[in-house]
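# Coordinate inspection notes
Here are the chains, one letter per residue:
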Amino acid sequence: MLVKVFANLRQICGGVTVEVSPDGNRVIDVLDKMIEMFPALQAEIFTTEKRLLPFVHVYVNGRNIIHLDDLETRVKDEDQFALFPPVAGG
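The notes below deal with the structure included here. Keep in mind the model is a prediction, meaning the values are calculated, not measured.

Taken as a whole and judged by the stated rule, the model has six salt bridges. A salt bridge links Lys 33 to Asp 23, with the nearest nitrogen and oxygen atoms 3.5 Å apart. Residue Lys 33 is found in helix H2 (residues 27-37), and its partner Asp 23 is found in the loop between strand S2 (17-19) and H2; the two are separated by 10 residues along the sequence. The exposure class assigned to Asp 23 is exposed, which follows from its relative accessible area of 67%. A salt bridge links Arg 26 to Asp 29, with the nearest nitrogen and oxygen atoms 2.9 Å apart. Assessed through its relative accessible area of 23%, Arg 26 is described here as partly exposed. Of the residues examined, Asp 29 reaches a relative accessible area of 13% and is grouped as buried. In this structure, a network of salt bridges that share partners links the residues Asp 23, Lys 33 and Glu 36.

Counting residues in hydrophobic clusters, the biggest one holds 26 residues, and the most contacted among them are Val 3, Val 27, Leu 31, Met 34, Ile 45, Phe 81 and Leu 83. For this core, the elements supplying multiple residues, two or more each, are strand S1 (2-5), helix H1 (9-13), H2, helix H3 (41-45), strand S3 (57-60) and strand S5 (81-84). Apart from the residues lying within four places of it in its own chain, the contact partners of Leu 83 are Val 3, Lys 4, Val 5, Phe 6, Leu 9, Leu 31, Met 34, Ile 45, Val 56, His 57 and Val 58.

Rules behind the numbers
- Residues numbered from 1 in each chain as written.
- Predicted model: local features only at pLDDT ≥ 70, side-chain atom pairs only at ≥ 80, totals over all residues.
- Heavy atoms only, no water.
- Salt bridge = Lys/Arg side-chain N within 4 Å of Asp/Glu carboxyl O.
- Helix = DSSP H or I, 4+ residues; strand = E, 2+ residues; numbered from the N terminus.
- Buried < 20%, exposed > 50% of the residue type's maximum accessible area, 1.4 Å probe, protein only.
- Core = buried A, V, L, I, M, F, W, Y, C linked by side-chain atoms within 4.5 Å.
- Contact = heavy atoms within 4.5 Å.

Interpretation note: all reported values are geometric properties and have no functional meaning in isolation.
Structure follows, in structure tokens:
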């Protein structure tokens, strides 16, 4: 599955996109595999209770997972998966 990452996550992941082969078919499985690949990612996206940090957003096919099944949202390899860290503007 191809995951598009944004802002400071691009530095952690080494580019705009990351090829991920999760061990399951849920959003949490994709994120777990990404953390296995890039351990520094954990502190950027998860709380200690393994919930997404405030203002971290995951989109599957253009829909925010908070409007789907959150971290349990099912994904397919061909889905568009995007991970946004908290960002500030001004």
